[in-house]
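Each chain is listed here by its residues.
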Amino acid sequence: MSIFEQVNEDIKASMKARDKVRLNTLRNIKKVFLEALTAPGASETLEDADALKIIAKLAKQGKDSAGEYAAQNRQDLADEELAQVAVIEEYLPKQMTTEEIKSAVEKIVAETGASSMKDMGKVMGIASKQMAGRADGKLIADTVKAVLTK
């Protein structure tokens, strides 16, 4: 079952369970999926890799919004966003720890023979593909910089 189909099934289950937060979050995910499907030049089906990218983006936006709300002393809104992020993250693969990211980056650096910051683009290209959906891009970039500047 694709992620798109899973979201549709979970919407039905949320309706039956009368879980408003989950239902609204899943409807928002479906809306973004449908927008991606109807975008100019889009294919007829939404591949799971594309769906994961969309879900990761929604999770990141939700966390950023929650941070902004907390900074504005609106903890009620921050809690709502974080509840939605928790639902969204159920569809993401398990996130890598910083140690796992560092280990993977060191392995890529060794394989590519990268030795300085000039090679960052080469390392980032491989690292981003390998860790797509499982690690934040900024965290990957920071780890690559740290490893290359040793």
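All figures in this text were calculated on a predicted structure; none of them were measured in a lab.

K.L.:
What am I meant to see in the overall build of the protein chain here?
P.N.:
Secondary structure summary: the protein chain contains 7 helices and 0 strands in total. In the protein chain, the succession of helices and strands from N to C terminus is α-α-α-α-α-α-α. Projected onto its principal axes, the C-alpha coordinates of the protein chain cover approximately 55 × 45 × 25 Å. Scored against the burial criterion, the 150 residues of the protein chain give a buried share of 32%. The contacts in the protein chain between residues at least 6 apart in sequence include a share of 57% that link residues at least 24 apart. For the protein chain, the exposed area adds up to about 9,500 Å²; of that, 53% sits on carbon and sulfur atoms. Looking at charge distribution, the protein chain has the averaged site of its 23 positive side-chain charges lying 2 Å from that of its 24 negative ones.

K.L.:
In this structure, what is going on with the side chain of Glu81? I would like to understand it.
P.N.:
Along the chain, the position of Glu81 falls in helix H4 (residues 75–89). The contact partners of Glu81, leaving out residues within four places of it in the chain, are Gly62, Ser65, Ala66 and Tyr69.

K.L.:
Can you walk me through helix H6 (residues 120–130) in this structure?
P.N.:
An α-helical segment advances 3.6 residues per turn. Residues three or four places apart therefore align on the same side. Of all the residues in H6, the buried ones are Met120, Val123, Met124 and Ala127. Down the axis of H6, the sector holding all buried residues measures 100°, keeping them to one side. Exposed positions of H6 whose direction lies more than 90 degrees from the buried face are Gly121 and Lys129.

K.L.:
Is there a simple way to think about the packing of helix H1 (residues 3–17) against helix H2 (residues 20–38) in this case?
P.N.:
Each packed pair of helices is defined by two parameters, the angle between the axes and the distance between the axes. Remark: H1 packs on H2, axes separated minimally by 9 Å, with the N-to-C direction vectors making an angle of 150°. Considered as vectors, H1 and H2 are oriented roughly antiparallel to each other. In this structure, H1 meets H2 at a crossing whose hand is left-handed. From H1, Ile3, Phe4, Val7, Asn8, Asp10, Ile11, Ser14 and Met15 reach across to H2, where they touch Arg22, Leu23, Leu26, Arg27, Ile29, Lys30, Phe33, Leu34 and Leu37. Split into classes, the residues belonging to the contact of H1 with H2 amount to 11 nonpolar, 2 polar and 4 charged.

K.L.:
Looking at this structure, how should I read the environment of Glu111?
P.N.:
Within the element layout of this structure, Glu111 appears in helix H5 (residues 98–112). Linking Glu111 and Val123, residues 12 residues apart in sequence, is a C-alpha distance of 9.6 Å.

K.L.:
Would you explain a negative patch on the surface in this entry?
P.N.:
Side chains of Glu5, Glu47, Asp48 and Asp50 sit close together on the surface and give a patch of like negative charge. Residue placement: Asp48 occurs in helix H3 (residues 48–71).

K.L.:
Explanation requested: the confidence of the model for the protein chain in the structure shown.
P.N.:
Close reading of the predicted structure is inappropriate where its pLDDT is low. Chain-level statistics for the protein chain give a pLDDT mean of 88 and a share of 100% at 70 or above. The least confident element of the protein chain is H6, whose mean pLDDT is 85; the most confident is H4, at 93.

K.L.:
Mind showing me how you'd approach the pattern of salt bridges here?
P.N.:
Any two side chains of opposite charge can pair, so long as their charged atoms come close to each other. Taken as a whole and assessed by the stated rule, the structure comprises 8 salt bridges. Two residues, Lys31 and Glu35, come together in a salt bridge whose shortest N-O distance is 3.5 Å. Highlighted residues: Lys31 and Glu35, both in helix H2, separated by 4 residues, approximately one helical turn. According to the relative accessible area criterion, Lys31 is partly exposed, its value standing at 43%. Classification of Glu35 by relative accessible area gives partly exposed; the value is 44%.

Parameters and conventions
Residues numbered from 1 in each chain as written. Predicted model: local features only at pLDDT ≥ 70, side-chain atom pairs only at ≥ 80, totals over all residues. Heavy atoms only, no water. Helix = DSSP H or I, 4+ residues; strand = E, 2+ residues; numbered from the N terminus. Buried < 20%, exposed > 50% of the residue type's maximum accessible area, 1.4 Å probe, protein only. Contact = heavy atoms within 4.5 Å. Areas by Shrake-Rupley, 256 points an atom, 1.4 Å probe, with all protein chains shown as cover. Lys, Arg positive; Asp, Glu negative; His and termini not counted. Charge placed at Lys NZ, Arg CZ, Asp CG, Glu CD. Arc of directions from axis to C-beta. Axes fitted to C-alpha atoms, helices over the stretch in contact; angles between N-to-C directions. Parallel < 35°, antiparallel > 145°, perpendicular 65-115°, else oblique. Left-handed = near helix turned anticlockwise from the far one by under 90°. Nonpolar A, V, L, I, M, F, W, Y, C, P; charged D, E, K, R; others polar. Patch = residues over 30% accessible without salt bridge, like charges linked within 9 Å, V, L, I, M, F, W, Y side chains within 5 Å. Salt bridge = Lys/Arg side-chain N within 4 Å of Asp/Glu carboxyl O. pLDDT = per-residue confidence, 0-100.

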